[in-house]
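Structure assessment
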Amino acid sequence: MITLHHLEYSQSFRILWLLEELGVEYQLKLYNRDPKTHLAPLEYKRLSPLGSAPVIEHDGKVLAESSAIIDYILDVYPSDTLRPQVGAPNRVRYLFWMHVAQGSMMPIMLMDSIFRIIIERLPFFLKPIVSPILKAAANGFAKPRMNALLDVAEKDLSSADWFGGDQLTAADINLSYPFESANMRGYLTDTHPNCKAWLERMYAHPSFVAAKAKDDRASMVLSL
């Protein structure tokens, strides 16, 4: 049986959602962040060399990294709908968005988070000097790249409801965290109606609702 070590407000929500969508038996271990530092507890950090979420255990093996875990779970519990097979019409679309999640969107969101944390923690006498520089860097680097990705997403979602085609795939599950993060930080606007409609479909999906009940948090993303 797969054990998911689930850290609140983290990317491990995606794995919780995947397991609920597959409808398989699994063990869930919940961990809370430190209320002051927002970091994972020491017992969680001992599970993985990086000390980051998500982490699973299965057959004596410990595995980290969202995309690797998703592929591993779909190897154990194969699904042609959640992972279109080679030659399937939506295979290329699926592969692109599956890897955009971690390869492009998450680095942008991480950079955005770092800028926000630095600004928040600056001494008051430095904020007037440093804050404008960091905000300009965010607007000049992170925002244009995220907007370019959202433009592509808008186009693709105009032809099908999900990022992997006409039905939910693991690409949608992997994109859930960076998209909710982007929405929370104001990147999604009225110019992205298809992306917003996708978010609403995600929130209403039965397996997402089930995962949300077990997570018991207002959002999968920690608000900074």
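Residues numbered from 1 in each chain as written. Predicted model: local features only at pLDDT ≥ 70, side-chain atom pairs only at ≥ 80, totals over all residues. Heavy atoms only, no water.

Turning next to the packing of helix α1 (residues 13-22) against helix α6 (residues 170-184). Between α1 and α6, the least distance of the axes is 9 Å, while the angle of their chain directions is 150°. Looking at the two axes, α1 sits roughly antiparallel to α6. α6 is crossed by α1, and the crossing has right-handed handedness. Between α1, through Arg14, Trp17 and Leu18, and α6, the contact on the second element is made entirely by Asp172, Ile173, Asn174, Ser176, Tyr177 and Pro178. (Axes fitted to C-alpha atoms, helices over the stretch in contact; angles between N-to-C directions. Helix = DSSP H or I, 4+ residues; strand = E, 2+ residues; numbered from the N terminus. Parallel < 35°, antiparallel > 145°, perpendicular 65-115°, else oblique. Left-handed = near helix turned anticlockwise from the far one by under 90°. Contact = heavy atoms within 4.5 Å.)

Within the open sheet, the four strands sit side by side as β2-β1-β3-β4. Their pairing is mixed. Where the open sheet ends on each side, the last strands, each with one partner, are β2 (26-31) and β4 (61-64). Going across the sheet, the axis of each strand differs from the next one's by a mean of 20°, ignoring polarity. In terms of strand pairing, strand β3 (residues 55-58) meets β4 through four bridges, oriented antiparallel. Within β4, the position partnered with Ile56 by the bridge is Leu63. (Pairing = 2+ DSSP bridges.)

The next point concerns the packing of aromatic side chains. When we look at a pair of aromatic rings, we describe it by the centre distance and by the angle of the planes. Counted under the stated rule, the structure contains nine aromatic pairs. Where Phe163 meets Phe179, the ring centres are 5.4 Å apart and the plane angle is 50°; that geometry is what we call tilted. Of the two residues, Phe163 is situated in the loop between α5 (127-157) and α6 and Phe179 in helix α6; the sequence distance between them amounts to 16 residues. For the pair shown, Phe163 and Phe179 are each scored as buried. Judged by centre distance (5.0 Å) and plane angle (70°), the rings of Phe163 and Trp198 are edge-to-face. With Phe163 in the loop between α5 and α6 and Trp198 in helix α7 (residues 193-204), this pair connects stretches of sequence that are 35 residues apart. Comparing Phe163 with Trp198 shows no difference in burial state: the two are buried. Among the aromatic residues, ring-to-ring pairing joins Phe96, Trp97, Phe163, Phe179 and Trp198 into one connected group. Here the guanidinium or amino end of Arg201 rests over the ring plane of Trp162, the centre of that ring lying 5.9 Å away. (Phe/Tyr/Trp six-rings, centres within 6.5 Å; stacked < 30°, edge-to-face > 60°. Buried < 20%, exposed > 50% of the residue type's maximum accessible area, 1.4 Å probe, protein only. Lys NZ or Arg CZ within 6 Å of the ring centre and 35° of its normal.)

With that settled, consider the pattern of salt bridges. Pairs can form between side chains of opposite charge whenever their charged atoms are close. The full count for this structure, using the stated rule, is six salt bridges. We note a salt bridge from Arg217 to Glu8, for which the minimum N-O separation is 2.6 Å. Placement of Arg217 in the segment after α8 (206-215) and of Glu8 in the loop between β1 (2-7) and α1 is noted, with a sequence separation of 209 residues between them. Between Asp71 and Arg83 there is a salt bridge; the shortest N-O distance is 3.2 Å. Taken together, the residues span a long stretch of sequence, with Asp71 in helix α3 (residues 66-76) and Arg83 in the loop between α3 and α4 (91-121) at a distance of 12 residues. With a relative accessible area of 31%, Asp71 lands in the partly exposed category. (Salt bridge = Lys/Arg side-chain N within 4 Å of Asp/Glu carboxyl O.)

Quick look at the nonpolar core now. One recurring pattern in soluble globular proteins: nonpolar side chains tend to sit buried together. Ranked by size, the top nonpolar core spans 51 residues in total, and within it Leu175, Phe179 and Trp198 carry the most contacts. Elements with a contribution of two residues or more to this core: β1, α1, α3, α4, α5, α6, α7 and α8. Ranked by residue count, the leading element in this core is α4, at nine residues. When near neighbours in sequence (up to four residues on either side) are disregarded, Phe179 contacts Met105, Leu150, Ala153, Phe163, Leu188, Cys195, Trp198 and Leu199. Judged by nonpolar contacts, the second largest core, of six residues, contains Leu7, Tyr31, Ala40 and Tyr44. (Core = buried A, V, L, I, M, F, W, Y, C linked by side-chain atoms within 4.5 Å.)

A packed helix pair is summarised by two numbers, namely the angle formed by the two axes and the spacing between the axes. It is the contact of α6 with α7, at a shortest axis distance of 11 Å, that shows an interaxial angle of 120°. Classified by the angle between their axes, α6 and α7 sit oblique to one another. The interaxial crossing formed by α6 with α7 has left-handed handedness. Residues Asp172, Leu175, Ser176, Phe179, Glu180 and Asn183 of α6 pack against Cys195, Lys196, Trp198, Leu199, Met202 and Tyr203 of α7. Classifying every residue of the contact of α6 with α7 gives seven nonpolar, two polar and three charged. (Nonpolar A, V, L, I, M, F, W, Y, C, P; charged D, E, K, R; others polar.)

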